Amino acid sequence: MDQIKIGKFISELRKERNMTQREFAEVLGVSDKTISKWECGNGMPEVSIMPTLCSVLGITLNELFSGTRLSRDDYILKAEENIISLVQQAENVKNNIVGGQIIGSASDVDYCVDNIHCANTEFWDTIGSEFLGSTALPSYGGFTTEDRLGLLGNLHNKRTLEIGCGNGRSIKYVHDKGAKELWGIDISPKQLKRSKIFLSSQGIKAKLICVPMEKKGEIPNNYFDLVYSVFGIGWSTDLKKTFSLIHSYLKKDGKFVFSWSHPIHKCVYEQNGKYIFGNSYFDEKWYSANMGGKEIMLSNRKLSTYINTLSESGFKIEKIIEDSDENLLKSENSEFSIKARKMPVLFVIKASKI
Ligand SMILES: C[S@@+](CC[C@H](N)C(=O)[O-])C[C@H]1O[C@@H](n2cnc3c(N)ncnc32)[C@H](O)[C@@H]1O
């Protein structure tokens, strides 16, 4: 199925009807960014929307999948081709695994930084905040805590910077441990606003900057004792650039500590008490998935990709944590915790600037 051809076809038909992307989006109940994404060939409309979309554009589903109007003679031939293509796609379906469960399928998307930033900012500006909670210090996410690991060291009088600071809960933790300067960056203006409100309510002053981690913001070089991130780094569209920037912000011997979902965890899901290896560990392609009705775009990088990129960016690895805290695991009896007893759900890396 040719997504670019289908996108152009949708765009032509919309324009024939003198509809703007916004008007079309309103009829379909999606955002105008979603329309722009389909029309650029980066993704297809969800199945539930397709009948309405076809009726608004005056085409059949077969014509939508073909990306063109069909004559009577071509109709059957194209229908056969499209059915085969759909079955092949269904066979190659990639799972979106969160918390040990499949929460829908994920489809590959082209690597386009603007589209990825746009979708992820929209997610974090809206319902993303509902997913926060266990991704703030002292928790590194899952069943792993700073209180047990002590990776951040003594924070008294330290200059600190959080990457993907979300609603500011980790900044408060670092403040309470005595840090002298609290900086945070995030791509989502709404997250930063929540962070600002929360920190002010606690009487905490922090310097919050709205910038993607892959771009140099107004952040000083050779300045920080600690850069940290809890479930933030994996959102980067350019790991090399991100790590190189973090390296430049740190003083010599400064520490960089971050956690992210373990890649093995994204490959394996539970089904009737058995673990199924569903996704390829080696697949680092960008994909789009639905979470709580909104789109996210991510790539599942191998552990070696993180380690090698850190090394290429001038870091020395001090420690890699894959284990969960036994006491936390024992305190919960969910599918998530049962899976966490068999394989790592996240990893934490502590590195230092050489
Ligand atoms: C799982 S949250 C972690 C937030 C934080 N640890 C907390 O719990 O409050 C990930 C954060 O990364 C931010 N983010 C996503 N992509 C980003 C990017 N490219 N650059 C900077 N921040 C990004 C999101 O807006 C979100 O606030």
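To start, this report covers the structure provided alongside it. Worth saying up front: this structure is predicted, and the values here are computed from it rather than measured.

What the 4 strands build is an open sheet, ordered β1-β2-β10-β11; its pairing is antiparallel. Here the strands that pair on one side only, and so sit at the sheet edges, are β1 (94-98) and β11 (294-299). Adjacent strand axes in the sheet meet at a mean angle of 40°, parallel and antiparallel pairs treated alike. Both strand β10 (residues 286-291) and β11 contribute to a ladder of 6 bridges, which runs antiparallel.

Over its 13 residues, helix α7 (residues 113-125) extends 18 Å from the first C-alpha to the last, a length consistent with the 18 Å expected when each residue adds 1.5 Å. Taken together, the buried positions of α7 are occupied by Asn115, Ile116, His117, Ala119, Asn120, Thr121, Phe123, Trp124 and Asp125. Elements in contact with the buried residues of α7: α10 (189-201), β10 and β11.

Formed by 38 residues in total, the largest nonpolar core has its most connected members in Leu161, Phe224, Ile233, Phe243, Phe256, Phe258 and Tyr306. When residues in this core are grouped by element, the largest group, 5 residues, is from helix α11 (residues 239-249). Setting aside anything within four residues of it in sequence, one finds Phe224 in contact with Arg159, Thr160, Leu161, Trp183, Ile219, Tyr249, Leu250, Lys251 and Gly254.

Turning our attention to the environment of Val227. With respect to the element layout, Val227 can be found in strand β6 (residues 224-230). Using a relative accessible area of 0% as the deciding quantity, one classes Val227 as buried. Val227 sits 22 residues away from Tyr249 along the chain, and the two C-alpha atoms are 8.2 Å apart.

Reading the values: the criteria
- Residues numbered from 1 in each chain as written.
- Predicted model: local features only at pLDDT ≥ 70, side-chain atom pairs only at ≥ 80, totals over all residues.
- Heavy atoms only, no water.
- Pairing = 2+ DSSP bridges.
- Helix = DSSP H or I, 4+ residues; strand = E, 2+ residues; numbered from the N terminus.
- Axes fitted to C-alpha atoms, helices over the stretch in contact; angles between N-to-C directions.
- Expected span 1.5 Å × (residues − 1).
- Buried < 20%, exposed > 50% of the residue type's maximum accessible area, 1.4 Å probe, protein only.
- Contact = heavy atoms within 4.5 Å.
- Core = buried A, V, L, I, M, F, W, Y, C linked by side-chain atoms within 4.5 Å.

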